[in-house]
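Examination of the molecular architecture
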Amino acid sequence: MSWKDVCAADEVAENSLKPFNVDGISFLVANVGDGFRAYPPVCPHMEEYLEDSGLCAKGVLTCDRHLWQWDMKTGEPKGPAEKPLLMYPVKEEEGRVMVNLEKELEYDFDDEDD
Amino acid sequence: MLIEIEKKGQTHIFEAAPEEKLLFAGLRAGISLPYECSTGTCGSCRARLKEGNLEIGWPDAPGHKNLKAEKNEFLMCQATAKTSCKLGVPSKIEPFRDDDLTPLHHQASISNLSMLSSDIMRFEVNLDSLISFHAGQFFVLKAPGIDGYRAYSMVNYEVSTNTLEFIIKQKQYGSFTDWISSSDRVTNEIEIFGPLGKATFHPDENHDLVMIAGGSGIAGLMSIMEHGCKVNYFDSHKASLYFGIRTWDDMIFVERLNSMVKRFPNNLSVQMVASQESSDSRPPESIGKLSHGYGWVHEVALNSLTLGQENTMVYIAGPQPLVDATIRPLITEIQLASGMIRYDSFS
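Throughout this document, residue positions are counted from 1 along each chain, in the order its sequence is written. Here every chain gets a letter starting at A, and every ligand a number starting at 1, in the order they are written. Confidence filtering applies because this is a predicted model: local features only for residues at pLDDT of at least 70, side-chain atom pairs given and counted only at 80 or more, and all residues used for totals across whole chains, interfaces and linings. The side-chain values count all of the structure's non-hydrogen atoms but skip hydrogen atoms and water molecules.

Residue and element names in this part refer to chain A. Each residue is assigned to one of three classes by its accessible area relative to the maximum for its type, calculated with a 1.4 Å probe on protein chains only: buried under 20%, partly exposed between the two thresholds, exposed over 50%. Secondary structure is summarised from DSSP: a helix means a run of H or I of at least four residues, a strand means a run of E of at least two, and numbering begins at the N terminus for each. With six of seven residues buried, strand β3 (residues 25-31) is to be regarded as a mostly interior element. A pair of strands is treated as paired once DSSP finds two or more bridges between them. Sheet topology note: the strand β2 (residues 16-22)/β3 ladder contains seven bridges and is antiparallel. Following the sheet pairing, serine 16 is matched in β3 by asparagine 31. Across four bridges, β3 lies against strand β4 (residues 36-39) in antiparallel orientation. Considered in β4, the bridge of leucine 28 is made with tyrosine 39. Between β3 and β4, which pair antiparallel in sequence order, lie four residues; one of them, glycine 33, sits at a positive phi of approximately 100°.

Residues and elements named next belong to chain B. Membership of the largest hydrophobic core comes to 85 residues, with the highest contact counts inside it found for Val125, Leu141, Leu164, Leu209, Leu257 and Met272. Element by element, the count of residues in this core is highest for helix α3 (residues 218-230), at seven residues. An automatic or database domain assignment supplies the start and end points of every domain. Each of domain 2 (104-196) and domain 3 (203-342) contributes no fewer than three residues to this core. Residues count as neighbours in contact if any of their non-hydrogen atoms are within 4.5 Å of one another. Filtering out sequence-adjacent residues up to four positions away, leucine 257 remains in contact with Met222, Met225, Leu241, Ile252, Val270, Met272 and Leu290. Nonpolar core, defined: a set of buried Ala, Val, Leu, Ile, Met, Phe, Trp, Tyr and Cys residues in which side-chain atoms within 4.5 Å join the residues together.

The next thing to look at is the confidence of the model for chain B. Across chain B, the average pLDDT comes to 93, with 97% of residues at 70 or higher. For this predicted complex, the interface score ipTM comes out at 0.84, alongside a pTM of 0.92. A score from 0 to 100, pLDDT tells how confident the predictor is in each residue.

What follows deals with helix α6 (residues 320-332) of chain B. For a helix, the expected span equals 1.5 Å multiplied by the number of residues minus one. Under the 1.5 Å per step criterion, the end-to-end length of α6 of chain B is 19 Å for 13 residues, consistent within 8% with the ideal 18 Å. Regarding α6 of chain B, the residues found buried are Gln320, Leu322, Val323, Thr326, Ile327, Pro329, Leu330 and Ile331 of chain B.

As structure tokens, then:
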């Protein structure tokens, strides 16, 4: 398995994102209040870096480029967003955030299943 | 040349003329290709070439910065087809809304140029036939002998018209501005394409309005104000326009705005917000019934908004830093739904 110890649980403030790069894979860790989520680093729309363009408010992530939005817990699209956020498996163990990076997740330009 | 796009099992086919930008060819065929600025800057109209040959156009377009060359990505607003092509696009392709106005190419001529302030010029574009557009939309204009189109929002609004009114900030875009400012132009004929843009006003949506303009961004918001006045929208809906300028000398459209405010004194307000005037400077008397403020226009406007204004549509028009600085607090502090914010990104 490719579970990676990424950071301490108190390193990512509630309702915020923090970028990480482990073994050459870039991703974002989000603190959603009752746990953590990990997404690819870019918006699935125009591949803007959500580290810069992402706004977190009330459990909703908004890319300020074209206002695509997602439920931070489920990754499901809201409002004008056409694609969900992809999510890496995440678990919390002894105050550490662990992310499974077995396979790098990337948004498919021609994804017909979105 | 035939252009084919397959998306979600559906095949969309349109004809592109030689030298015609693929985005414009698709839009005029009623296919809702993704775009924002339509002039090479924002990158929203990126697509992938799957078969065929094309000319990518303006090689230094700022919108190229996020494209993947190895995946044959290009900007539809810049590219022209050399052969029939098959393309991929990343967004949904849906039919235009029923009342959407299909954009078309037009030949037109410019007239009635005048200076409104030290650096804002007003001009009109005259067409041979009547056209319609939504308040808040823009056209792209191309001058003879100058590469590429420039986007300008209409100032006026009519249900249908053969005159489009624009303003242009001098020296803002260089070549087109130089051309239109030149007294020795050999022709007044230009090519235009439109209407374009999604930051539009629709009275049947029944929203209160907050409009935030920086500099020449006032153009599209004037069109919204004109439309609202024509249909007496402000008899029953509140609207506030915040117009950001540097100094009182930059005030334009003061008489037109005054007549609007006088007509709807209970629901319509306009505030001129000067970023480079000290708070002890007073605006000239010509400001009339318009109020005034000091500092950054978005900060003044945001101070007027409160949590829970669920029926307020916010329009933002102006330089990209103004748009960015306004959107962040609207989402995170005012917690406005993203569907209640409208703007067109030109960078």
